[in-house]
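# Analysis of the macromolecular model
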Amino acid sequence: MKYPTITIATERIRLTVLAAGGPRILALHLDNGPNLLAETPTARWQTPWGEFALLGGHRLWHAPEAFPRSYWPDFDGPPAEPVDHGVILRSAIDPGGIAKRLTVTLDPQQPRLHLRHALTNHGLWPVELAPWAITQLVPGGLAVLPLHDAQPPPNPLLPNRQITLWPYTSLPDPRLSITDDALLIDTALTGPPAKVGAHSAAGWLAYIHQGVVVVKWAAYQPTGIYPDRNCNLEIYYDQGCTELETLAPLVHLAPGATITHDEIWFLTPWSVPKDRKDLFKPLSKLVDELV
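Here's a quick rundown of the structure. (Residues numbered from 1 in each chain as written. Predicted model: local features only at pLDDT ≥ 70, side-chain atom pairs only at ≥ 80, totals over all residues. Heavy atoms only, no water.)

### A few points about the packing of aromatic side chains
- Throughout the structure, instances matching the rule amount to 11 aromatic pairs.
- An angle of 35 degrees between the planes, with centres 6.0 Å apart, marks the rings of Trp45 and Phe52 as tilted.
- Residue class for Trp45 comes out partly exposed when judged on its relative accessible area of 35%.
- Between Phe52 and Trp61, the aromatic rings sit 6.0 Å apart at their centres with planes inclined by 55 degrees, giving tilted as the arrangement. (Phe/Tyr/Trp six-rings, centres within 6.5 Å; stacked < 30°, edge-to-face > 60°. Buried < 20%, exposed > 50% of the residue type's maximum accessible area, 1.4 Å probe, protein only.)

Quick look at the structure:
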């Protein structure tokens, strides 16, 4: 089934989004190159409200994940609203009373995007949740999850790295390697579905594929309590896609209240060094320069 879409673009970036509902970003092109986002037309689930279709690309959910709540079909909703250099995408109100909004703004000068994810509680009671920004990229690249922010630890006697594993993540996994600074996931290798996460002050994730790096950055909130055993960064990977996921801290969202979660994306030419252990420092420097 084809869904109506609209396109927004600058000289460097072209985005395709759902024309109504969602909110969903379906395609991301740099310099007229191929779509960097995964396309998953066969990933569908039956729910009490009808069929949920994943489609691929970028979506906004709220954590923690649960079935069927997380898989509420989201194609019925208000039409997309064009704004200067961008678009506002809105969902209908879901059965739990939550409405989603995504404001996407393209930088007119460089391949950079600002995404503001918002959740509003239209229900009658507070809801505990966290905004959860999920981006599915084409498989075959190298995903990078930094375990710290490259700063000296304030107390070297206390831990500064934390890794979380999902039940379906089977170890050892030849796709997954751990350096002093980061988790590296080689999705050019095949294997079953897996997911890892971390509580990391770095606040960014990267994906390197065919000479381009895509970086997602979200501000780290050191006093916040995050979902999924306190993860603010997560990566899911299987043979069809690689998901880069950032999360905001959990909140008790009161009726009528709204919570936001901002991401900055940027894209630039990048090659994987011969020794992958050398990735972290230059990527950290790049993030510091561009955020």
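### A look at empty space enclosed by the protein
- For the structure shown, the criterion picks out three cavities of 30 Å³ or more.
- If you add up the space inside the largest cavity, you get close to 70 Å³.
- Residue lining of the largest cavity: Phe52, Trp61, His62, Arg69, Ser70, Trp72, Asp74, Asp94 and Lys100, and that is the complete set.
- Looking at the lining of the largest cavity residue by residue, the class counts come to three nonpolar, two polar and four charged. (1 Å grid on protein atoms, 1.4 Å probe; cavity = no way out; pocket = protein on both sides within 12 Å on 5 of 7 lines; lining within 4 Å. Points joined across faces, edges and corners; volume = space filled by probe spheres on them. Nonpolar A, V, L, I, M, F, W, Y, C, P; charged D, E, K, R; others polar.)

### Description of helix H2 (residues 280-290)
- Of the positions making up H2, those classed as buried are Phe280, Leu283, Ser284, Leu286 and Val287. Buried residues of H2 fall within an arc of 160 degrees about the axis and therefore sit on the same side. Exposed residues on H2 whose side chains face more than 90 degrees from its buried face are Lys281, Lys285, Asp288 and Glu289.
- The inward-facing, buried residues of H2 contact strand S12 (142-146), strand S15 (182-186), strand S17 (204-209), strand S18 (212-217) and strand S22 (258-269). (Helix = DSSP H or I, 4+ residues; strand = E, 2+ residues; numbered from the N terminus. Arc of directions from axis to C-beta. Contact = heavy atoms within 4.5 Å.)

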